[in-house]
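# A look at the structure
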Amino acid sequence: MKNATSTTNRSTGRNVLGTSALRPDGVAKTQGNFAFSSDFQAENMLWGATLRSPHPHARVVSIDPTEAWKIAGVEAIIFADDVPGKATYGLIASDQPVFARDVVRYMGEPVAAVAADHPETCRRALAAIKVVYEQLPVLSDMDAAIDPSTPAIHPDGNVIRHQRIVSGDPNIVGDVVVEGTYEIGMQDQAFLGLEAALAYPDPGGAGVELVVATQWLHEDRKQIADCLGLSPEKVRLVLGGVGGAFGAREDISLQVHTCLLALRTGRPVKVQYSREESFFGHVHRHPGRIHLRHHADRSGKLVKVEGWMKLDGGAYASTSAAVLINGITHLQGPYACDNAVLDAWATRTNNPPCGAMRGFGVVQACFAHEGQMDRLAEALGMSPVDIRLVNAMKTGDKLFTGQVVDSVAPVARCIRETADIPLPPEPSRVTGSLELPGGSGRTSDPGHIRRGVGWGVSIKNLMYSEGFDDSAEAKCTLADGVATLKFATAEVGQGFVVLAQQIARTVLGVDTVILDTIDTQIGSAGSTSASRQTWMSGGAVDGACRLVRERLFEHVAHLHNLDPLQLVIEGTEIVDTLGPLRVAVADASTGLRIEQTFLHRHRATEELDENGQGNCHVAFAFVAHRAVVDVDTDLGLVKVVQIATAQDVGQVLNPMALLGQIEGGIAQGLGLAVMEEIVVDDGIVRNPSFTDYLLPTALDAPDVVAIPIEEYEPLAPLGAKGVGEPPCISVTPAIVAAIRNATGRAIMRTPVRPQDICLAD
Amino acid sequence: MTETTAFYELNVNGSRREVRDSWIGESLLYVLRERLGLMGSKGACEQGECGSCTVMLDGDAVCSCLVLSASAVGSEILTVEGLAPNGEPSDVQRAFVDQGAVQCGFCTPGLIVAVHHLLDNNPDPTMIEVKEALSGNICRCTGYGRIFAAVETVVAVRKGARS
Ligand code: FES
Ligand code: FES
């Protein structure tokens, strides 16, 4: 199966930048013939499966596969000793074993893998492998992890990273001081398309090809090759259709296991996680505890922010170190403030490993700083809107890392335009209305419903930080009026495929844009994360198309004895701005083949010093959210009625795709506000299923009224900011603030549970 | 597998399809995908919670992950592939694309079947009826807004065609 890269859009108009061009993979996805990574099959294929630890912390005393080998159809059973290359992997620190050898550090850690003729055979084989564990004391508390007297559960220690920010006058005191401790639960990305991959071994085990759903093909390849003991060019990755990602596909999950099984058996091997295994197989959003003390003057202006942030990284480092820096550097929110004293820790515990999820540390920071802004407003007798307007950051303001915000920063405009959106009608007074909290349960008594309104505003860095050498490559080929684009950018649902076509149509004046297979046969595009692909891969596609256009203009200019600088693209034609020449791109490129590759880089960033000072981020985006909720205070039920939002997006490139990002992000933020939490008791995950881990359904979807704040961003190649993460960040504190407003309760944690509404205080 | 396997026939999208050497414990979703090559139905929970695997069984929308394949013998099974067999998208499929209701697309085939089922039985649903009917189909990407827009479009167009 090969995924469609159909090129002609049915809708009228030219589907250039700025239009709601339709996705090239859309029809195939509705018809069920778009190939997700789980949809690939191969001749003579085996199934693979992973044996995982049931304990959060234990010594592995012995592993005995004898009984499993007796099951007909079992072709391979592999353990830590069967890893030919590096025994560990990891995005930042290589601290996570491919298979646990002597010790397991979290519930669900891989211990062995099998390959067999049927998924049911695999299941039975896993059940037949005898592993003797000796349980060890479980380190599950962040404070215990930070305490130096606690025995280390990993050679790298129990603190993955500590960072401090001290800026301005640390001793300054405001007229008004408010403080609070905020808690954020562990959220799961819960993409729909479960982890799946199919590995094809090369003859003799010389190499391997892996079809996989991932966010970053080249980084996967590097880590896989290291573990397999192969050089990277012997490992070829092809992007299988990706059923959502949201950060959970940035780390290695089944990649190495699948390749190992294929190389061991000499046969294609497919591994596909169940939903339960998926909960154990990928990293989650860090749960956190944040204490903040905000100082302000009488006018409400922030004077100082002090406090601490603790994020639990769980058993292995993943991206915790980067998440932590994002978290602490965003604790001031989108507000000007010169003085700060802050400490942040990312801890290692025997809880599930945590890493990237949409918002990447800023979700946690925002929940705390927005709670604080409301406390300040209350202490000063101001409205939630006014306190935020008084402090709203603008271009040229300095962050407390010393970095000047030189991005477009329309924070006040985001707040004002959100405030201008009309409020929804009053709640239904009809008993049994499905619109009430409780929905189809029809449980709420309309007389007991209380309405609340709350605010959240956020700042989010775009792209990678701290000096990371980030780049994206793309190739454009123009031949006979048709452009072909090649890149390794993971399309995970966000719609880069349509954006790339729009760019090529706009720059080159072509209608037909073919997308080549997304694989490792070109340089890295970096990860589809950090709201970076529009800027990075968009910049690369734009750059490659521009180079092609230059060559095309040179060709046409040469033919007509003109200066190429006189030529421009108008629609689908090349036009001489100083003369009568007008020639269709399709005609001008007939018989030609122009191919250009472009590597896009953003400006360099720096690491923070020991006081947390430095230009560590590339650029920023802002957003405001206002939530309206109805709360049944008897039953502890919440219905999110409306989310109003205005988002700083730079140039709008595809209004419909933008709206999709906004609405989708809001639903995820709503999930974190009122229902989504991986419940972990002393390292034991209690709810690894969609029955017990609740996700927003169609009935939970609020009315979303969204206004894009369109101001061209000069730093960005297309004038456009990344739009993927901001929608999900401040919506969570806005909803929780609305619940506080409705109930009068000081709710300090998210997600808000029924008992927090009914029984708290 | 050495265990008892079964041979039976299923009626899928109007054709009789033989299922050979199937382990008796296989779900309808597994057989459709892995034995009959109909990859349109997706599995995202295999627990009846997400609706990605929705097919019609004798006209009812069901989660194919919860149906034992061998028990579907004698029933008429309609999968997403059978909704518009000639390759031209159905009005619902077209509206999903045109209205931006497709992002990653993993939920999409199940939703397409669910929307067809809804509108076959209730051609003019209120928005809350739409939401309730689709509340068994989880979409993690879109936040549902564009999906509702797609359904509204189809309802309006079909209404126009009737009047
Ligand atoms: S896979 Fe059948 S309902 Fe989720
Ligand atoms: S489009 Fe991704 S789950 Fe719905």
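Residues numbered from 1 in each chain as written. Chains lettered and ligands numbered in written order. Predicted model: local features only at pLDDT ≥ 70, side-chain atom pairs only at ≥ 80, totals over all residues. Heavy atoms only, no water.

## Remarks on the overall build of chain A
The cut-off we apply is this: Helix and strand assignments follow DSSP, with helices taken as H or I runs no shorter than four residues and strands as E runs no shorter than two, numbered in order from the N terminus. When we talk radius of gyration, it's over C-alpha atoms, and the globule rule is simply 2.2 Å times the number of residues to the 0.38. Each residue's exposure class comes from its accessible area (1.4 Å probe, protein chains only) as a fraction of the maximum for that residue type: buried when under 20%, exposed when over 50%, partly exposed otherwise. Contacts between residues were defined by any pair of non-hydrogen atoms, one from each residue, lying within 4.5 Å. We treat Lys and Arg as the positive residues and Asp and Glu as the negative residues; His and chain ends play no part in the count. For this purpose, a charge sits on NZ of Lys, CZ of Arg, CG of Asp or CD of Glu.
Per the secondary structure count, chain A includes 17 helices and 31 strands. Its C-alpha atoms give chain A a radius of gyration of 27 Å, near enough to 27 Å, the size a compact globule of 761 residues would have. With the C-alpha coordinates of chain A rotated into their principal frame, the extents come out at 80 × 75 × 60 Å. Relative to its full complement of 761 residues, chain A shows a buried share of 64%. Taking as baseline every contact in chain A between residues at least 6 positions apart, the subset at least 24 positions apart corresponds to 80%. In chain A, which carries 64 positive and 90 negative side-chain charges, the distance between the mean positions of the two groups comes to 1 Å.

## Regarding the interface of chain B and chain A
Rules: Buried area, as used here, totals the accessible surface that two parts lose on assembly, with accessibility defined by a 1.4 Å probe and the loss added over both. Each salt bridge in this description consists of a side-chain nitrogen of Lys or Arg and a carboxyl oxygen of Asp or Glu lying within 4 Å of one another. Here a polar contact is recorded for every N or O atom pair within 3.5 Å, except that within protein the pair must consist of a potential hydrogen donor and a potential acceptor, and residues adjacent in sequence are included only if both atoms are side-chain atoms. Charged residues are taken to be Asp, Glu, Lys and Arg, nonpolar residues to be Ala, Val, Leu, Ile, Met, Phe, Trp, Tyr, Cys and Pro, and polar residues to be all remaining types, Gly included.
In this assembly, 54 residues from chain B lie in contact with 62 residues from chain A. Between chain B and chain A, roughly 4,800 Å² of surface is buried when both sides are summed, and carbon and sulfur atoms account for 57% of that area. On inspection of chain B and its partner chain A, the count reaches five salt bridges. Two residues, A:Lys270 and B:Glu34, come together in a salt bridge whose shortest N-O distance is 3.6 Å. Counting every contact that joins chain B to chain A gives 20 residue pairs in polar contact (both at pLDDT 80 or more). Looking at the side of chain B that touches chain A, the elements with two or more residues in it are helix 1 (28-35), helix 2 (91-98), helix 3 (108-121), helix 4 (127-134) and helix 5 (145-162) of chain B. Counting residues per element, the side of chain B that touches chain A draws most heavily on helix 2 of chain B, at five residues. Residue classes in the side of chain B that touches chain A are distributed as 23 nonpolar, 16 polar and 15 charged.

## Digging into the domain arrangement of chain B
Residue and element names in this part refer to chain B. As a reminder of what qualifies: Segment limits for the domains were obtained from an automatic or database-derived domain assignment.
Here chain B is partitioned into domain 1 (5-80) and domain 2 (91-162). Between the C-alpha centres of domain 1 and domain 2 the distance comes to 23 Å. Summing both partners gives a buried area of about 1,000 Å² for domain 1 against domain 2, and 65% of it is carried by carbon and sulfur. The interface formed by domain 1 and domain 2 holds zero salt bridges in total. Where domain 1 packs against domain 2, one counts four residue pairs in polar contact (both at pLDDT 80 or more). Secondary-structure elements contributing two or more residues to the side of domain 1 that touches domain 2 are strand 3 (54-57) and strand 4 (60-63). Among the elements that make up the side of domain 1 that touches domain 2, the one with the highest residue count is strand 3 (three residues). Residue composition of the side of domain 1 that touches domain 2, by class: six nonpolar, six polar and three charged.

## Let's talk about the nonpolar core
Residues and elements named next belong to chain A. Under the convention used in this document: Buried Ala, Val, Leu, Ile, Met, Phe, Trp, Tyr and Cys residues form a nonpolar core when they are joined through side-chain atoms within 4.5 Å.
In this structure, Ile 224, Leu 228, Leu 485, Phe 487, Val 541 and Ile 574 are the most contacted members of the largest nonpolar core, which totals 90 residues. Of the residues forming this core, the biggest block, 11 residues, is contributed by helix 13 (residues 533-560). The contacts of Leu 485, once residues within four sequence positions are left out, are Lys 475, Cys 476, Ala 500, Gln 501, Ala 504, Val 513, Ile 514, Leu 515, Asp 516, Val 541 and Cys 545. Judged by nonpolar contacts, the second largest core, of 83 residues, contains Val 176, Ile 325, Val 631 and Ala 738.

## Description of the domain arrangement of chain A
Size of an interface, as often reported, equals the accessible area lost when the parts are brought together. Residues and elements named next belong to chain A. Per the domain assignment, the segments making up chain A are domain 1 (26-35 + 471-601), domain 2 (39-136 + 194-242 + 249-281) and domain 3 (288-465 + 608-758). In this assembly, 20 residues from domain 2 lie in contact with 26 residues from domain 3. Of the roughly 1,800 Å² buried between domain 2 and domain 3 on both sides combined, carbon and sulfur atoms contribute 65%. When the area that domain 2 buries against domain 3 is broken down by residue, the three leading residues are Ile 92, Asp 95 and Phe 279, summing to 31%. There are one salt bridge connecting domain 2 and domain 3. Where Arg 348 meets Asp 95, a salt bridge forms, and the shortest distance between an N and an O atom there is 2.9 Å. The biggest single contributor to the side of domain 2 that touches domain 3 is helix 7 (residues 275-281), with four residues. When the residues that make up the side of domain 2 that touches domain 3 are grouped by side-chain class, the tally is 11 nonpolar, two polar and seven charged.

## A word on helix 15 (residues 655-674) of chain A
Threshold: In a helix, the anticipated span is given by 1.5 Å times the number of residues less one.
When the terminal C-alpha atoms of helix 15 of chain A are compared, their 29 Å separation across 20 residues agrees well with the 28 Å that a helix rising 1.5 Å per residue should span. Within helix 15 of chain A, 17 of the 20 residues are buried, which leaves the element mostly enclosed by the surrounding structure.

## Some words on the environment of A:Ser433
Residue and element names in this part refer to chain A. Following the sequence through the fold, Ser 433 ends up in the loop between helix 11 (411-419) and strand 18 (449-462). By relative accessible area, which is 14% here, Ser 433 ends up buried. Once the C-alpha coordinates of Ser 433 and Pro 155 are considered, the two residues, 278 residues apart in sequence, prove to be 57 Å apart. Not counting the four nearest positions on each side in its chain, Ser 433 is found in contact with Ser 428 and Gly 439.

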